[in-house]
Amino acid sequence: MKKINKYLNLGEIKLTTLSMYIFVVFVSILGSSCADLLEEHPKTLAAENFYNTAEEVESAVNSIYGALRSNNMVEQIVILDAHTDWGYGRGSRADYNNLQGFNAANINNAGARWNTFYLAVRNANLVIENSANRPSINQADINKNLGEAKFLRAFAYFQLVRNWGSIPLRTEENMTEKDLPKSSVEAIYNLIVSDLVFAETNLPETQTLVGKATKYAAKAMLADVYLTLGKYAEARDKANEVIQSGKYSLVAVTSKADFQQKLFGPEIVTSSEEIFYFKYTRQPGEGSWMLWVLSHPSTGNFNFGGAYAHYGDATNPFYVAWNNNDIRKSLWDKINFGLGANTLVSSKYIDKNAVEQGRGAGNDLPIYRYADVLLMYAEASCLASNGPTTEGVEALNKVHRRAYGFAPNTPSSVDFAITDYSKASFQDLVLTERAYEFIFEGKRWYDLKRTGKAAEVIKAAKGATIAEKAYLWPIPNSELNYNHALDPEVDQNPGY
């Protein structure tokens, strides 16, 4: 059984962005493990008496993970995937399906996710502010912990800027300022890139504790950021640095069960494909929320039933066009729970031995895995070279072969040929492969937005015209009311 991988969970606390910065007591976590997994023990200390040893700084770093692995991170993923051509939400979540903006309930839920990311930013800023230039800690340890804090801060801001656009940019330099205006999207991305460049320089190639960020996690996120910014040569090169490291490989599969157990199973500690995941374990309050959100009781895939709050539709053009020989398609089960016989429920994440209904499943949450890096490289190399490259096509083929049960590194009958594609058609091919590969990993909506294809794709699949307000989420009222540098009439995102 996978050993516990506990983080301080402050992500459930309902706080405004500013109030999260006015803490005088810091809850730290001292990390230790006999199984190379991060295990933490809460300990309350005053901030001014902390950060005096490398272990104390590392435990402060660990608190950043606490917010990011909360229920709100899973909610972020599933809500993003309701914003796609293939995804639907049920009940109050049906509001997301046709991309007309949020209702009052979903505005509040978006605010909870906003708070989660700013809580992670707050915790990272505390580390960055307090751990530099400590004479009792050697510089290598300081830089490693600063690199990890900056990596996680970059991750939080990357979530925020893509969904909320221009936002207050809180760093270690201004984190105690109550009233702070919004910064430009450009300024936010500049900080993200700066943080990630520092992280890739100072993080180790391999962490001693599974689940912590590494140099290659930073490179993978940099590739993602550069791809989002349209810096295709830079994205290609960063993805290629991960590939050329030789540290990662696709997990071979031949069946649906292999996908469920070897890639996403609850017993997995780590795999050759894992670059950066949020880690969970079968202990009350320390497991994954994803299985409860997605599962249907009739399948038996989750021993506590499930809310089946998100689903697919077998008549949707996305699903109809999907080749039946692709094993990934079999990770959808037809379940008629009142919406018709063509309703699809995901069985990608299963755990029949979870320990509680909510957060009791052992399945980890993939953020960056090797398949992602291969497909980012395939797309970026094509766009940087004004057409598909031999190396890029091979990167795509590795992921595609695996999906059909073939050995990833051996040519197969399902391979794509470079001569069949132009720059535009190859990018579309990669985006389709990404759509199949990363269901309930929260990537499709970002892909559609950054490529400008969202309106066309959503119209074709769902018959819906995206409202302009749906491209950005509303700034929470709690932020607008508390942060007096923001004018609700001017600074709220359009349509809200």
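Refer to the preceding data block for the structure.
So, how was this worked out
- Residues numbered from 1 in each chain as written.
- Predicted model: local features only at pLDDT ≥ 70, side-chain atom pairs only at ≥ 80, totals over all residues.
- Heavy atoms only, no water.
- Helix = DSSP H or I, 4+ residues; strand = E, 2+ residues; numbered from the N terminus.
- Rg over C-alpha atoms; globule rule 2.2 N^0.38 Å.
- Buried < 20%, exposed > 50% of the residue type's maximum accessible area, 1.4 Å probe, protein only.
- Contact = heavy atoms within 4.5 Å.
- Areas by Shrake-Rupley, 256 points an atom, 1.4 Å probe, with all protein chains shown as cover.
- Core = buried A, V, L, I, M, F, W, Y, C linked by side-chain atoms within 4.5 Å.
- Phe/Tyr/Trp six-rings, centres within 6.5 Å; stacked < 30°, edge-to-face > 60°.
- Pairing = 2+ DSSP bridges.
- Salt bridge = Lys/Arg side-chain N within 4 Å of Asp/Glu carboxyl O.
- Axes fitted to C-alpha atoms, helices over the stretch in contact; angles between N-to-C directions.
- Parallel < 35°, antiparallel > 145°, perpendicular 65-115°, else oblique.
- Nonpolar A, V, L, I, M, F, W, Y, C, P; charged D, E, K, R; others polar.
- Expected span 1.5 Å × (residues − 1).
- Polar contact = N/O pair within 3.5 Å; in protein donor to acceptor, adjacent residues only side chain to side chain.

(A) Inspection of the overall build of the protein at higher detail. Broken down by element type, the protein carries 17 helices and 10 strands. For 496 residues, the compact-globule formula gives about 23 Å, and the C-alpha radius of gyration of the protein, at 22 Å, lands near that figure. Out of the 496 residues belonging to the protein, those deemed buried represent 62%. Long-range pairs, those at least 24 residues apart, make up 71% of the contacts in the protein with a sequence separation of at least 6. When the accessible area of the protein is evaluated, it comes to approximately 17,700 Å², of which 50% is carbon and sulfur surface.

(B) Just unusual backbone geometry, in detail. With phi around 55°, Leu99 is a residue other than glycine that occupies positive phi space. Given a relative accessible area of 2%, Leu99 falls into the buried group. Positioned with a positive phi, Phe440 is a non-glycine residue whose angle comes to about 55°. Inspection of the secondary structure puts Phe440 in the loop between helix H13 (423-437) and helix H14 (444-450).

(C) Highlighting the nonpolar core. In this structure, Phe151, Tyr157, Ile192 and Phe278 are the most contacted members of the largest nonpolar core, which totals 141 residues. If one sorts the elements of this core by residue count, helix H4 (residues 139-164) sits on top with 13 residues.

(D) Structural view of the packing of aromatic side chains. Scanning all chains against the criterion turns up 27 aromatic pairs. Look at Tyr96 and Phe102: their rings are 5.2 Å apart centre to centre, the planes differ by 80°, and that puts the pair in the edge-to-face class. One exposure class covers both Tyr96 and Phe102, and it is buried. Note on Trp445 and Tyr471: the rings are 5.9 Å apart at their centroids and 20° apart in plane angle, and the pair reads as stacked. Of the two residues, Trp445 sits in helix H14 while Tyr471 sits in the loop between helix H15 (454-462) and helix H16 (477-482), which places them 26 residues apart along the sequence. Site record: aromatic cluster; members linked through ring pairs are Tyr96, Phe102, Trp114, Tyr118, Tyr157, Trp164 and Trp473.

(E) Broad picture of the sheet that holds strand E3 (residues 88-89). In space, the four strands of this open sheet follow the order E3-E7-E9-E8, with antiparallel pairing throughout. Two strands bound the open sheet, and with one partner strand each, they are E3 and strand E8 (332-334). Examined bridge by bridge, strand E7 (residues 310-313) and strand E9 (residues 343-346) share two bridges and lie antiparallel to one another. What sits directly across from Asp313, in E9, is Thr343.

(F) How the structure looks around the pattern of salt bridges. Using the criterion set out here, one finds 37 salt bridges in the structure. A salt bridge links Lys178 to Asp179, with the nearest nitrogen and oxygen atoms 3.3 Å apart. The partly exposed category is assigned to Asp179, whose relative accessible area is 33%. Across the salt bridge formed by Glu273 and Arg369, the nearest N and O atoms sit 2.8 Å from each other. Linking Glu273 in the loop between helix H8 (256-263) and strand E6 (274-278) with Arg369 in strand E10 (residues 365-369), this pair joins segments that are 96 residues apart in sequence. You'll find Glu273 and Arg369 in the same group, each marked buried. Overlapping salt bridges bring together Glu273, Asp326, Arg328, Lys348, Arg369, Arg402, Glu433, Glu437 and Glu441 as one network.

(G) Representation of the packing of helix H1 (residues 54-68) against helix H3 (residues 104-131) within the structure. Where H1 meets H3, the axes come as close as 8 Å, and the angle between the chain directions of the two elements is 170°. Considering the angle they form, H1 stands roughly antiparallel to H3. Here Val57, Ala60, Val61, Ser63, Ile64, Ala67 and Leu68 of H1 lie close against H3, whose contacting residues are Thr116, Phe117, Leu119, Ala120, Asn123, Ala124, Val127 and Ser131. Tallied by class, the residues present in the contact of H1 with H3 amount to 11 nonpolar, four polar and no charged.

(H) Representation of H3. Its 28 residues give H3 an end-to-end C-alpha distance of 41 Å, which sits within 8% of 40 Å, the value for a rise of 1.5 Å per residue. Here H3 lies mainly inside the structure; 21 of its 28 residues are buried. The opening residue of H3 is Asn103, an N-cap whose side-chain oxygen sits 3.2 Å from the backbone nitrogen of Ala105. A positive backbone phi angle near 55° is found at Asn133, which sits one or two residues after H3.

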